[in-house]
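Structural characterization, general
Chain by chain, the residues run as shown.
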Amino acid sequence: MYEAGMPTAQRRRRRAVLLVLLALGALLLGTLLWGLLRPEKPAPSAPPTPPAGSSTASACPEPPAGITVDVYNATERAGLAGLTADTLRAQRFEVGQATNAPSGTVITSPAEIRYGPAGKVGATVLARRIRGVVLHEIPREGTTVDLVIGADFGAVQPPTTPPTC
């Protein structure tokens, strides 16, 4: 580009136009390189669909339907087993017995849930509703679970999340 003999104002405009074109070219080239070199994010996956003929995708019962709980009070607080049983019934658990634990029963945690191999799902569902609970699998038949209340027991909490058994 020959600029000799051009007026100063015209040279400045030409240089400004060239600088703008160079800047736009650099921006375009940078954008293209960014698009080619950046890692692609994986497409979000769809949530799993339940098998045909079933209403849920998991093998869990709809909590707490079908879960029978026997409540035992291992504290000195009178009526605690009955109050806890009422709370469990209000949350749709089936309650079997609600009584005092055998004398000499010592619970060092807020509560214990005792269950047999067939009662594991029910014990897990119940455990999500009691802070500080300790689970103990014991040799027993059936799906009934025992809730043994200790001195630091607070209350049965309402469910906060759907089950993931």
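Conventions and cut-offs
- Residues numbered from 1 in each chain as written.
- Predicted model: local features only at pLDDT ≥ 70, side-chain atom pairs only at ≥ 80, totals over all residues.
- Heavy atoms only, no water.
- Helix = DSSP H or I, 4+ residues; strand = E, 2+ residues; numbered from the N terminus.
- Buried < 20%, exposed > 50% of the residue type's maximum accessible area, 1.4 Å probe, protein only.
- Contact = heavy atoms within 4.5 Å.
- Areas by Shrake-Rupley, 256 points an atom, 1.4 Å probe, with all protein chains shown as cover.
- Polar contact = N/O pair within 3.5 Å; in protein donor to acceptor, adjacent residues only side chain to side chain.
- pLDDT = per-residue confidence, 0-100.
- Patch = residues over 30% accessible without salt bridge, like charges linked within 9 Å, V, L, I, M, F, W, Y side chains within 5 Å.
- Salt bridge = Lys/Arg side-chain N within 4 Å of Asp/Glu carboxyl O.
- Lys, Arg positive; Asp, Glu negative; His and termini not counted.
- Pairing = 2+ DSSP bridges.

**Points about the overall build of the protein**
- Looking only at helices and strands, the protein features three helices and five strands.
- Counting helices and strands in the order they occur from the N terminus, the protein gives α-β-α-β-β-α-β-β.
- The 165 residues of the protein split such that 28% are buried.
- Across the protein, the fraction of contacts at a sequence separation of at least 24, relative to all contacts at a separation of at least 6, is 67%.
- Here the protein has roughly 11,300 Å² of accessible surface; of this, 60% comes from carbon and sulfur atoms.

**Side note on the side chain of Asn73**
- Its place among the elements puts Asn73 in strand β1 (residues 68-73).
- Residue Asn73 is classed as buried on the basis of its relative accessible area of 3%.
- Looking at Asn73, its side chain comes within polar contact range of the side chain of Thr75, at 2.6 Å.
- Polar side-chain contacts of Asn73 include one of 2.7 Å to the backbone oxygen of Arg77.

**Remarks on the confidence of the model for the protein**
- On average, residues of the protein score 82 in pLDDT, and 78% of them are at 70 or above.
- Below a pLDDT of 50 lies the segment residues 49-58, which in the model reaches four contacts outside its immediate sequence neighbourhood of four places, other chains included.

**Some details on a nonpolar patch on the surface**
- Taken together, the side chains of Val17, Val20, Leu21, Leu24 and Leu27 present a nonpolar region at the surface, about 490 Å² in accessible area.
- Examined against the element boundaries, Val17 turns out to sit in helix α1 (residues 8-37).

**A short note on the pattern of salt bridges**
- This structure, assessed with the given rule, holds three salt bridges.
- A salt bridge links Asp86 to Arg89, with the nearest nitrogen and oxygen atoms 3.0 Å apart. Here Asp86 and its partner Arg89 are both found in helix α2 (residues 80-90), three residues apart, which amounts to about one turn of the helix.
- Given the relative accessible area of 45%, Asp86 is considered partly exposed.
- For Arg89, a relative accessible area of 42% puts it in the partly exposed group.

**Points about the side chain of Asp70**
- Inspection of the secondary structure puts Asp70 in strand β1.
- Although Asp70 lies buried, it forms no salt bridge, and the closest oppositely charged side chain, Arg140, sits 4.8 Å away as judged by the N-O distance.
- Other than its neighbours up to four places away in sequence, Asp70 contacts Gly96, Gln97, Thr144, Val145, Asp146 and Leu147.

**Some remarks on the pairing of strand β2 (residues 94-100)**
- Relative to β2, β1 runs parallel, the two being bridged by five bridges. Across the sheet, Tyr72 pairs through a bridge with Thr99, a residue of β2.

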